[in-house]
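What follows is each chain in one-letter form.
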Amino acid sequence: MNNPGLRAYAIGYLVFLYAPIVLLPVFAFNDSAVIAFPLQGFTTHWFKEMWADTQLFRSLKNSLIIAGTTSVIATTLGLLAARATTRYHFPASAGFLGLVMLPLVLPEMIVAMSLLMVLLAIGVPLSILTIILGHVLICTPFAVAIMTSAFQSLDRSLEEAAIDLGETAASTFRLIILPLVMPGIVSSLLISFTVSLDEFIISFFLGGSETALSVYIYGQFRFPAKVPAMMALGTILVLVSITLLSIAEYFRRRGIARTGGKSSGGFL
Amino acid sequence: MAKALDAEARKGLALISPTALFSIILLAAPMGLVVMYSFLTDGNNRIEWIFTLQNYVEVWTGPVYRAIMFRSLVVSLTVTLITVLIAYPIAYYVSFHVPAARKSMWLFLITIPFWTSYLIRVFLWKVILGYNGVINSGLFSLGIIDEPLQAINYNVGALVMTLAHAYAPFAILPIFVALEKIDRSLLEAGQDLGESRLVTFWRVTLPLSMTGVLAAVLIVFIPTIGDYVTPDLIGGGKLPMIANMMEVRILKQGDRAIGSAVAVSAMLIVALISICFLLLNRRFLRGQK
Amino acid sequence: MTPNRPENRADMIEFRDVHKYYGDYHALRGITASIKAGEFFSLLGPSGCGKTTLLRTIAGFEGISSGIVLIDGKDVAGVAANVRPTNMVFQSYAIFPHLTVAENVGFGLRKDPRSFPEKAAAVAEALEMVGLKGFGIRAAHALSGGQRQRVALARALILKPKVLLLDEPLSALDKKLREQMQVELIRLQRQVGITFILVTHDQEEALVMSDRIAVMFDGEIAQLADPESLYRRPNSRKVADFIGTMNFLPATILSESADQVEIEAQGLGRMTLAADQCRSKGSAGEVTVGFRPETLTLLFGAQTSTDRESEATVEEVVYYGDMTYYDLVFAGTNDPMRVSMRNVFGRPVLDRGARTRVAWSPGAFVLFR
């Protein structure tokens, strides 16, 4: 059961995975305009500079609106699709599901370009709304996966029991199903939010004058002077992502415990 | 099977319709448009409705296109190979050497980097591998080198490194899932019959995990070949891949027809290679029972 | 179970030629039967025989393709499950894990017009009735299997249905708990007085608890009778085999009249059987007679009996503590028959290979064509 070589490899792998990310706070607090060793001392100057950047906050606000809207829409669509496929038999269900999940196996560029060309052809102006449409496309598969897992762990006889005791299909959904899949819903909202917040390609190509945060960051990369402030921003973003994900994981485990199952692996 | 659409089928279809309609309108229809465009002709910043196969001829024979396609394939296949190879041992470790209660913690730790901004991670690699970047400045200040290393930036190797890092967690999960499904008593039976641990691995564990390996291959290969950010930032504009080419053609030059042909060709290549991998998968599955 | 249930009670459930198809699969083939008010009725049969399907047609979770289902005299075609006067205890108990025990039990009272204190009192009463007094505030997902089952019972019975449906309620429990709950269920049924309909594949369970049992195979009711009649006078080999253990001897019919049949049974000799022992249908010629292990008696030493006697050789002896089972081969036959003897103090246990005399009486036999 114990293989020290393998364990060392695993630790080394984790170091490799986290190394670049760990550099973020290192250089965010580094008192130098250049991202290089040796370190020049501690400063919070970059955080202050970042904090004072109004354009940054504007694009942050845009991204929050986009991510919030996307997560709600994607989770709703994912819930409907998951409920349909787990509970009912209908023709072409596999086909519909495949179409909905397709963005997972397509390079994002293709999704973005296709949608962009349609929008250009119709003459729809690019804006936050078009970004949201693209983001919902790529977040819905995640929502479907999470909600499907949530619905599948529901005992079917719970619904029948509720009906047997006098409830209608609608009140059964409200009183029994919804509370029991709520952890899945929360998880799906958080995951979609995180995916949308970090997403670049669609935000870049389907965005108009109001930029998303990731596009703003991308623009800043051209200016070497701005890089340390971006390190600061990156540090904060990473912390936020990790926090959101930890909360999502907590809810996922709580959901499993509530319905009496056992936790085995990750989300997907 | 009494009527064509019984009550259950109607309810199911009604439930899935918003999601399905969304995908049809925003994904299926646009992709259909792209395919259509690929057979039309580019005019002055607009599409001329003249049917032609010229776009495909150019994409498949033009030297620039071929170079970029080739580079994209080389990069993505190399990345896939490396990523899956280094992912297997850690998936094995978590599946076989980590107690069950801790497994999801390990998986969580492994996937966290994936959920942070891809853009920032790529930029960090640029910073790490750059001329005055972290590696060079670190080695320099430690006195190990006198001149900055040229070999680690602005080349295909740098692309591969960045992408392999970014997609590493993608590869681990499917392999892990496949390894978890292996009945442990099969392995114990083998050892009970006198096999060494290495032989057991080679003859039992590895073949049984092949479906996971092939899934990992697909999960890494497909997004990698269409990546935009890494060739853009790490390559400095000198190492475009398919996605960058598409941007140039469609947006910067307004040639939607040929851009669409590039997109469709790329998807065809991806589909072909994926089918090859899936057929390989079938061979493995059939060989087991 | 208890022989003194009055037979002139009204029918609570009635099936008239009920058929059900799942696509091409004929799940219920012409079920016609009635279940009386206040009786403990069981649907017994192997997996796939249609017993659960039939139960669910009463509850309203399955529709029927043709025929009529009546509950308390009313045709329930088109009546939704949530308004039928029936309640069900599911095989998995279906306890709502996110609610407390009290919330579970009181769930069906949501639309009840009574005040909250009255409902709370009803919940407490229901919990006490199933032996879970004080469990109200417990979280439902933290209960044991047996406790969950009681909560399911309380939750169903609090609504005072006319019929309680139980879908294999004891199959998930271990043996000791199962036996305990069998007694509990009988007690509950007597206390509440309503019709209980139980689905099970365990014939012992059905025999212990039921007033009447419907044995089902392949979507049809093979025999509907009280436990004793089913046990002593099964109407086919299949039913005989399913309930308890039965031995089968080849026999030939010598002569037949309206109220009796004379046969020659291999290894035993001639005997005359009354009409009620020959109810199975089929053609004449080669037939089988069956007998239960406890209906024959081994004679030890110089014992005599007023019944008929035959010779047999002991092939195998299985000692069970309170019983000993002998596999005997009667003279002139090849196959062993199992006979059981209670281990009365002082009675010897025979050895393998010993020859013994067996006393029997024609009344113990059932003819199968």
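What you see is a predicted model, and the numbers here were worked out from it, not measured in a lab.

Caption draft 1: Region of interest: the overall build of chain A. Counting secondary structure elements, chain A contains 11 helices and zero strands. Going residue by residue from the N terminus, the α and β elements of chain A occur as α-α-α-α-α-α-α-α-α-α-α. Over its C-alpha atoms, taken along the principal directions, chain A stretches across nearly 70 × 60 × 30 Å. Out of the 268 residues belonging to chain A, those deemed buried represent 49%. Within chain A, counting contacts between residues at least 6 apart in sequence, those at least 24 apart form 77% of the total.

Caption draft 2: How the structure looks around the interface of chain B and chain A. The partner chain A presents 69 residues to the 69 residues of chain B that form the contact. The element that contributes the greatest number of residues to the side of chain B that touches chain A is helix H1 (residues 7-38) of chain B, accounting for 22 residues. When the residues that make up the side of chain B that touches chain A are grouped by side-chain class, the tally is 50 nonpolar, 14 polar and five charged.

Caption draft 3: Structural detail: helix H5 (residues 118-129) of chain B. The first and last C-alpha atoms of H5 of chain B sit 16 Å apart over 12 residues, in line with the 16 Å expected at 1.5 Å per residue. Extensive coverage of H5 of chain B is indicated by the burial of 12 of its 12 residues.

Caption draft 4: Looking closely at the pairing of strand E7 (residues 163-167) of chain C. Residue and element names in this part refer to chain C. Judged by how many residues are buried, E7 sits mostly within the fold: five of five residues are covered. Burial along E7 is two-sided: the residues Val163, Leu165 and Asp167 and Leu164 and Leu166 are all buried. Pairing of strand E6 (residues 86-89) with E7 involves four bridges; the strand directions are parallel. Across the sheet, residue Met88 finds its bridge partner in E7, namely Leu165. Bridge count between E7 and strand E8 (residues 195-200): five bridges; the pairing is parallel. Paired with Leu164 across the bridge in E8 is Phe196.

Caption draft 5: Representation of the domain arrangement of chain C in the model. Residues and elements named next belong to chain C. Here the domain parsing of chain C yields domain 1 (11-85 + 161-238), domain 2 (99-157) and domain 3 (245-368). Using only C-alpha atoms to locate each centre, domain 1 and domain 2 end up separated by 25 Å. Each partner contributes to the interface: domain 1 provides nine residues, whereas domain 2 provides six residues. With four residues, the top contributor of residues to the side of domain 1 that touches domain 2 is helix H5 (residues 175-192). Each residue belonging to the side of domain 1 that touches domain 2 can be placed in one class, and the counts come to nine nonpolar, no polar and no charged.

Caption draft 6: The arrangement of the nonpolar core in detail. Grouped together as the largest cluster of nonpolar side chains are 265 residues, with contacts concentrated most on Ala171 and Ile175 of chain B together with Ile197 of chain C. No other element matches the 17 residues that helix H7 (residues 156-181) of chain B contributes to this core. Residues within four places of Ile197 of chain C in sequence aside, it is in contact with Ile35, Phe41, Leu43, Leu55, Ile58, Val163, Leu165 and Leu166 of chain C.

Caption draft 7: Summary view of the sheet that holds strand E15 (residues 297-299) of chain C. All names here are of chain C. Across the sheet, which stays open at both edges, the five strands sit in the order E15-E19-E16-E17-E18 with antiparallel pairing between neighbours. The sheet terminates laterally at E15 and strand E18 (337-342), the two strands that pair on one side only. The sheet shows a mean angle of 50° between the axes of neighbouring strands, taken without regard to direction.

Caption draft 8: Just unusual backbone geometry, in detail. All names here are of chain C. Positive phi, close to 45°, is recorded for Asp17, a residue that is not glycine. Structurally, Asp17 can be placed in strand E1 (residues 11-22). Residue classification places Asp17 among the partly exposed positions, given that 13 C-beta atoms sit within 10 Å.

Caption draft 9: Just the packing of helix H3 (residues 54-87) of chain A against H1 of chain B, in detail. One way to put it is that H3 of chain A packs onto H1 of chain B with a least axis distance of 8 Å and a crossing angle of 140°. Of the possible angle classes, the one that applies to H3 of chain A and H1 of chain B is oblique. Note on packing geometry: the crossing formed by H3 of chain A with H1 of chain B is left-handed. Across the interface between the two elements, Leu77, Leu80, Ala81, Arg83, Ala84 and Thr85 of chain A from H3 of chain A touch Gly12, Leu15, Ile16, Pro18, Thr19 and Phe22 of chain B from H1 of chain B. For the contact of H3 of chain A with H1 of chain B, a count of residues per class yields eight nonpolar, three polar and one charged.

Caption draft 10: Inspection of the packing of helix H7 (residues 156-164) of chain A against helix H8 (residues 169-198) of chain A at higher detail. Residues and elements named next belong to chain A. For the pair H7 and H8, the least separation of the axes is 10 Å and the interaxial angle reads 135°. The angle between H7 and H8 falls in the class oblique. Pair H7 / H8 crosses with right-handed handedness. Across the interface between the two elements, Leu158, Glu159, Ala162 and Ile163 of H7 pack against Thr172, Leu175, Ile176 and Ile177 of H8. Residue composition of the contact of H7 with H8, grouped by class: six nonpolar, one polar and one charged.

Cut-offs applied
Residues numbered from 1 in each chain as written. Chains lettered and ligands numbered in written order. Predicted model: local features only at pLDDT ≥ 70, side-chain atom pairs only at ≥ 80, totals over all residues. Helix = DSSP H or I, 4+ residues; strand = E, 2+ residues; numbered from the N terminus. Buried ≥ 20, exposed ≤ 12 C-beta atoms within 10 Å, placed from the backbone. Contact = placed C-beta atoms within 7 Å. Nonpolar A, V, L, I, M, F, W, Y, C, P; charged D, E, K, R; others polar. Expected span 1.5 Å × (residues − 1). Pairing = 2+ DSSP bridges. Domains from an automatic or database assignment. Core = buried A, V, L, I, M, F, W, Y, C linked by C-beta atoms within 7 Å. Axes fitted to C-alpha atoms, helices over the stretch in contact; angles between N-to-C directions. Parallel < 35°, antiparallel > 145°, perpendicular 65-115°, else oblique. Left-handed = near helix turned anticlockwise from the far one by under 90°.

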